[in-house]
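As a plain string of letters, each chain reads:
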Amino acid sequence: MQTTSTGPTIPFFTQAATFDAEWDGIRRHLTDVLDDGKFSHGAKVAEFERELERWTGARHAVAVNSGTDALVLLLRAAGLRPGDEVIVPAYSFIATATSVVLAGGVPVFADIEDGGYGIDPAAADAAVTARTRMIMPVHLFDRPADMRGVARVARRHGLTVVEDSAEAIGMVADGAHAGLLGAGGALSFFPAKTLGAIGDAGAVLTGDDAVAGTVRMLCHHGRGGHTLGNFPGIANPTVLPGRNSKMDDVQAAVLLGKLGRLGADIERRAELAARYDARLRAVPGVRRVPGDVPPHPGTGRAVYVYLVEVDERDALAAHLAVRGVGTEVYYPRPLHLQPCFAHLGHRPGDLPRAEAACAAALALPLYPDLPDADADRVCAEIESFYTGRRAR
Ligand SMILES: *Cc1c(COP(=O)(O)O)cnc(C)c1O
């Protein structure tokens, strides 16, 4: 028989208290939207774009309806042509690779680095072919990928760098916000992300006027409705149909109301991560805590997901679930072994580091609302799991 929970539930993610704390600001922005009555391409989206530019230091922020569409539009604006190959890491959220397909390209998978979760520059270098046009590093969980290594590969082969910075708000590399080292980066404001909307939303960050202009046109039917073709970001002019990928003003209002506390939220996330690290690194069965993974030179962390690698991952997750502690597996299946990429012919064992991470990684509750006492209880439940295993 299953035992019942030993304490109140600790959800994997919630932001109820965050909304309470920020409600006055959010309500003020939402009231503007209601009074304006436009709801789509009203003034709030532009106001949010300017604030996001200030916060990130980006020359341009273009607000869109999801991180996924941010990636698709960025790839197209950065000059991806039909059939071009884009090198992506094999360990990431599925949208890293499907966005390439949706933009008309072909994803080519490279393994991740030894001892970390970013793309391995040497593996990326080895994956370059005559058809490779771009490389797309992903900044996962709490730290940027090896951007100096990626830049070297890109320079050697003349590739455009496009960043999947969906998880990376607050992360920096060589003095620039994540997403600003190459042609541009995509941010996601999915509700559970570090800066979360009350639905889906995303943005493109870029320092390139032409890329920003093309994303703006593509996300709104080709500005004005019918202007197709000759987009300034496309080296070889081609006709690109526009689409509707705009951010809603309601989401912009909520994000504006929360942006003011983002710095404090990121600090609280760092505090909780350090608290987990200090206790969990001593637990036999916990193989790796994030604080023990050395950052790449010149990079700054911001903890979105707190991810440990553990023995008997699935049994631990089940043990925690019974005790009311929510966890998530990031990511259950590497991209090269996803059914939608079966036609590329990969086999288990092809990209062993990505496959090993999928088998051992478990994300624990971490968000500004989480009290210290709950983080301590999560640690105690993990300790009790491994103590029980050893005693048998
Ligand atoms: C969340 C996420 C995306 C997609 O963002 P959506 O807003 O959910 O479309 C893409 N890549 C990574 C790495 C993500 O974590």
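Here the structure is a predicted model, which is why all the values come from computation and not from measurement.

A. How the structure looks around the overall build of the chain. Within the chain, the regular secondary structure consists of 12 helices and 13 strands. Over its C-alpha trace the chain gives a radius of gyration of 21 Å, about what one expects of a compact globule, namely 21 Å for 392 residues. With respect to the three principal axes, the spread of C-alpha positions in the chain is 70 × 55 × 40 Å. Out of the 392 residues in the chain, the part that is buried amounts to 56%. Pairs at least 24 apart in sequence give 72% of the contacts found in the chain among residues at least 6 apart. Within the chain, the 47 negative side-chain charges are centred at a point lying 3 Å from the centre of the 40 positive side-chain charges.

B. Representation of the environment of F12 within the structure. By the secondary structure assignment, F12 is in the segment before α1 (16-36). When the C-alpha positions of F12 and A273 are compared, they lie 14 Å apart, and in sequence the two are 261 residues distant.

C. Region of interest: the pairing of strand β8 (residues 184-188). For β8, a buried count of five out of five residues is recorded, marking the element as mostly surrounded by other parts of the structure. Both faces of β8 are covered, namely the face carrying G184, A186 and S188 and the face carrying G185 and L187. In this structure, strand β5 (residues 160-164) lies alongside β8, joined through three bridges in parallel fashion. Its bridge partner lying in β8, E163 is registered against G185. As paired strands, β8 and strand β9 (residues 202-206) are joined by four bridges and run antiparallel to one another. Across the sheet, residue S188 finds its bridge partner in β9, namely G202.

D. Looking closely at the nonpolar core. If you look at the biggest cluster of nonpolar residues, it comprises 49 residues, and the most contacted ones within it are L75, Y91, F141, L307 and Y330. Looking at this core, the elements that each hand over two or more residues are β1 (60-64), α3 (67-77), β2 (85-89), α4 (95-102), α7 (209-218), α11 (352-360) and β13 (361-364). With seven residues, the top contributor of residues to this core is α3. The residues contacting F141, other than those within four sequence positions of it, are Y91, Y117, E167, M171, A302, V303, Y304, V305, L307, Y330 and Y331. I10, A317, V378 and I382 belong to the second-largest nonpolar core, a separate cluster that totals 27 residues.

E. The arrangement of the layout of surface pockets in detail. For the largest pocket, the calculated volume is near 540 Å³. Residue assignment for the lining of the largest pocket shows that the elements contributing at least two residues are α3 and α4. It is α3 that provides the largest number of residues to the lining of the largest pocket, a total of three residues. Looking at the lining of the largest pocket, its residues break down into 20 nonpolar, six polar and six charged. The computed volume of the second largest pocket comes to approximately 260 Å³. As for the second largest pocket, its lining consists of 14 residues, of which H41, R216, C219, H220 and K246 are closest to the centre.

F. Molecular detail of the sheet that holds β8. Strands sit in the order β1-β9-β8-β5-β4-β2-β3 across an open sheet of seven strands; the sheet is mixed. Each edge of the open sheet carries a strand with a single partner, namely β1 and β3 (106-110). Direction aside, the axes of adjacent strands within the sheet are offset by 25° on average. Pairing analysis gives five bridges linking β1 to β9, with the strands arranged antiparallel. Bridge assignment links H60 to a residue of β9, and that residue is T206. Its contacts with the sheet place helix α2 (residues 43-56) against β1, β8 and β9, and it is angled at close to 135° to β1.

G. Local environment of the pattern of salt bridges. Considering all chains together, one arrives at 31 salt bridges under this definition. A salt bridge links K44 to E47; its shortest N-O distance comes to 2.9 Å. One end of the pair is K44 and the other is E47, both in helix α2 and three residues apart, which spans about a single turn. Residue classification places K44 among the buried positions, given a relative accessible area of 5%. Via salt bridges that share partners, R268, E271, R275, D372 and D376 belong to a single interconnected network.

About the criteria used
Within any chain, residue numbers begin from 1 and follow the written order of that chain's sequence. This being a predicted model, a pLDDT of at least 70 is required before a residue's local features are given, and a value of 80 or more before pairs of side-chain atoms are given or counted; all residues contribute to the totals for chains, interfaces and linings. The basis for every side-chain value is the complete set of heavy atoms in the structure, and neither hydrogens nor water enter the calculation. Going along the chain from the N terminus, every DSSP run of H or I of four or more residues is numbered as a helix, and every run of E of two or more is numbered as a strand. Based on C-alpha atoms, the radius of gyration is set beside the globule rule, defined as 2.2 Å times the residue count to the power 0.38. The rule is simple: take the accessible area with a 1.4 Å probe, protein chains only, and divide by the maximum for that residue type; under 20% is buried, over 50% is exposed, in between is partly exposed. Contacts are residue-level and defined by heavy atoms, with any inter-residue pair within 4.5 Å sufficient. The charge count treats Lys and Arg as positive and Asp and Glu as negative. His and the chain ends do not count. We put the charge of a Lys on NZ, of an Arg on CZ, of an Asp on CG and of a Glu on CD. Pairing between strands requires that DSSP locate at least two bridges from one strand to the other. Residues grouped as a nonpolar core are buried Ala, Val, Leu, Ile, Met, Phe, Trp, Tyr and Cys residues, joined through side-chain atoms within 4.5 Å. With a 1 Å grid laid over protein atoms only, a set of points is called a cavity when a 1.4 Å probe fits there but cannot get out and a pocket when it is open yet has protein on both sides within 12 Å along at least five of seven lines; lining residues have an atom within 4 Å of a point. Grid points are joined across faces, edges and corners, and a volume is the space filled by probe spheres set on the points. Each residue is assigned to one of three groups, with Ala, Val, Leu, Ile, Met, Phe, Trp, Tyr, Cys and Pro labelled nonpolar, Asp, Glu, Lys and Arg labelled charged, and all others, Gly among them, labelled polar. Between N-to-C directions, angles span 0 to 180 degrees; the directions come from axes that are lines fitted to C-alpha atoms, helices contributing only their stretch in contact. By definition here, a salt bridge exists when the distance from a side-chain nitrogen of Lys or Arg to a carboxyl oxygen of Asp or Glu is within 4 Å.

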